Amino acid sequence: MSEPIVTLATSADFPNLDEDDRGLPDALRARGIEPRVAVWNDPGVNWEDAGVVVLRSVRDYATNDQYADFLAWTRSVPRLVNHPDIVEWNSDKHYLTRLAELGAPMIPTIWLEPSAHYNKHQVHTRFPALGDFVVKPAVSSGGRGTGRYTATDARSRSQAINDTRHHLRRGRSVMVQRYLEQVDRQGEISLVYFNGVLSHAVEKVPMLHPRFRSEDEVHEEIATAREPSDQEWLWGERARKAIHKLIKEHSKRDIQLLFNRVDVVPDGAGGFYLMEVSLIDAGLYLSKAEGAMDNFADAIAQRVFW
């Protein structure tokens, strides 16, 4: 009897997976699974023969010329995890507004939509008057297009206007958020779940220094594994409850997530804001936390042998 197949879907930028995932094929082999690695938009790949397909380093999916093709591809793959219904809504950060309504608050956000055809002055008036703020496109991956700016610095504010209009002209919705100083003091926390069970947590070093602009590049994060506090764990469960409510709204049924990364940051008032839920190309910090690689391989094996 041949071994079951798992194909790890990646992008042309990471044809051999990214560094954090490189040990995953060996971990799958150790569990009696034949691992394959394939670029998601490679026309030579037969996805009908790919077994269970696990999304990994597909970080080019959010680019304007790839986005529609990527969503169509997810619908064509017979056994994709996470499920295509989930991929579709999770690819656009407007989902955060619904999760906030379902009990997982987000950082207060001003949304700028391309259909409004803002001029420079109109963009300018939607930025904060004081402090630092962040501009990011609603459809992005790996921090592409994200920048931190200073409201009272004319050059920085002008750059923010230019960058915002650049996104809008390309048809991208834009998020404008105040930069939270507690991120510098306390860091951002990522909680990583496999098949609904918390595997590990990491604390991430702030990436958005005052002159940070990603300029459509992917930036690597510096993360350190640590045990989540009881409060962080409870907040993660609150976020997971909201996520599964949203899944049921979109799919008319609940769907188990193979992997789920929940990013939170202290809100300065004893609670947390939900920064992001990453269900597509999530960096899972498999090399940062003891046992994380095995936990993920076990979770995949559970899907294969169900």
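Structure: see above.
For the structure given in this document, a descriptive report is provided here. Everything numeric in this text was worked out from a predicted model, so none of it was measured. (Residues numbered from 1 in each chain as written. Predicted model: local features only at pLDDT ≥ 70, side-chain atom pairs only at ≥ 80, totals over all residues. Heavy atoms only, no water.)

Focus: the pairing of strand E8 (residues 174–178)
In terms of burial, E8 is a largely internal element, four of the five residues being buried. As paired strands, strand E5 (residues 109–112) and E8 are joined by four bridges and run antiparallel to one another. When the bridges of E8 are listed, Leu112 appears paired with Val174. Of the pairings in the sheet, the one linking strand E6 (residues 132–137) to E8 comprises five bridges and is antiparallel in character. From the neighbouring strand, Phe133 faces E8, where its bridge partner is Arg178. (Buried < 20%, exposed > 50% of the residue type's maximum accessible area, 1.4 Å probe, protein only. Helix = DSSP H or I, 4+ residues; strand = E, 2+ residues; numbered from the N terminus. Pairing = 2+ DSSP bridges.)

Considering the sheet that holds E8
Here we have four strands laid out as an open sheet, ordered E5-E8-E6-E7, and antiparallel in their pairing. With partners counted over all chains shown, the strands left at the sheet margins are E5 and strand E7 (147–150), one partner each. Adjacent strand axes in the sheet meet at a mean angle of 25° when their direction is disregarded. Two elements, E6 and E7, share four bridges in a ladder whose sense is antiparallel. Bridge pairing links Val135 to Gly147 in E7. Most of the contacts of helix H6 (residues 154–169) go to E7, to which it runs at about 145°, and overall it touches E5, E6, E7 and E8. (Axes fitted to C-alpha atoms, helices over the stretch in contact; angles between N-to-C directions. Contact = heavy atoms within 4.5 Å.)

Points about the environment of Leu17
The topology assignment puts Leu17 in the loop between strand E1 (5–10) and helix H1 (24–29). Between the alpha carbons of Leu17 and Val37 there is a distance of 7.5 Å; along the sequence they are 20 residues apart. Those residues in contact with Leu17 that sit more than four places away from it in its chain are Leu8, Thr10, Arg22, Pro25, Val37, Arg56 and Ser57.

Some details on the side chain of His167
Inspection of the secondary structure assignment puts His167 in helix H6. By relative accessible area, which is 3% here, His167 ends up buried. A polar side-chain atom of His167 sits 3.0 Å from the main-chain carbonyl oxygen of Gly145. Discounting residues that sit within four places of it in the chain, His167 has contacts with Pro137, Gly145, Arg172 and Val174. (Polar contact = N/O pair within 3.5 Å; in protein donor to acceptor, adjacent residues only side chain to side chain.)

Description of empty space enclosed by the protein
Using a probe with the size of a water molecule, rolled over the atoms, empty space left in the structure can be pinpointed. Enumeration according to the criterion identifies one cavity of 30 Å³ or more in this entry. Of the voids in this model, the largest cavity is the one considered here, and its volume is about 30 Å³. Around the largest cavity, the lining residues are Tyr193, Gly196, Arg240, His244, Gln256, Leu257 and Asn260. Along the lines of polarity and charge, the residues of the lining of the largest cavity split into two nonpolar, four polar and one charged. (1 Å grid on protein atoms, 1.4 Å probe; cavity = no way out; pocket = protein on both sides within 12 Å on 5 of 7 lines; lining within 4 Å. Points joined across faces, edges and corners; volume = space filled by probe spheres on them. Nonpolar A, V, L, I, M, F, W, Y, C, P; charged D, E, K, R; others polar.)

A word on the sheet that holds strand E4 (residues 80–81)
The parallel open sheet is built from four strands, whose spatial order is E2-E1-E3-E4. The open sheet terminates on both sides in strands that have one partner only, identified here as strand E2 (34–39) and E4. Pairing analysis gives four bridges linking E1 to strand E3 (residues 52–55), with the strands arranged parallel. Bridging across to E3, Thr7 finds its partner in Val53. Along the sheet, helix H2 (residues 67–76) contacts E1, E3 and E4; its crossing angle with E3, the most-contacted strand, is approximately 150°. Lying over the sheet, helix H9 (residues 292–305) contacts E1, E3 and E4, oriented at roughly 145° with respect to E3.

Some points on the pattern of salt bridges
Under the defined criterion, the tally for this structure stands at 19 salt bridges. A salt bridge links Asp21 to Arg56; the nearest nitrogen and oxygen atoms lie 3.0 Å apart. Linking Asp21 in the loop between E1 and H1 with Arg56 in the loop between E3 and H2, this pair joins segments that are 35 residues apart in sequence. In this structure, Asp21 and Arg56 share a single accessibility class: buried. Here Arg98 and Glu101 are joined by a salt bridge, their closest N and O atoms 2.8 Å apart. Placement of the pair is Arg98 and Glu101 together in helix H4 (residues 95–101), with a separation of three residues, close to one helical turn. In this structure, a network of salt bridges that share partners links the residues Glu188, Lys204, Arg261 and Asp263. (Salt bridge = Lys/Arg side-chain N within 4 Å of Asp/Glu carboxyl O.)

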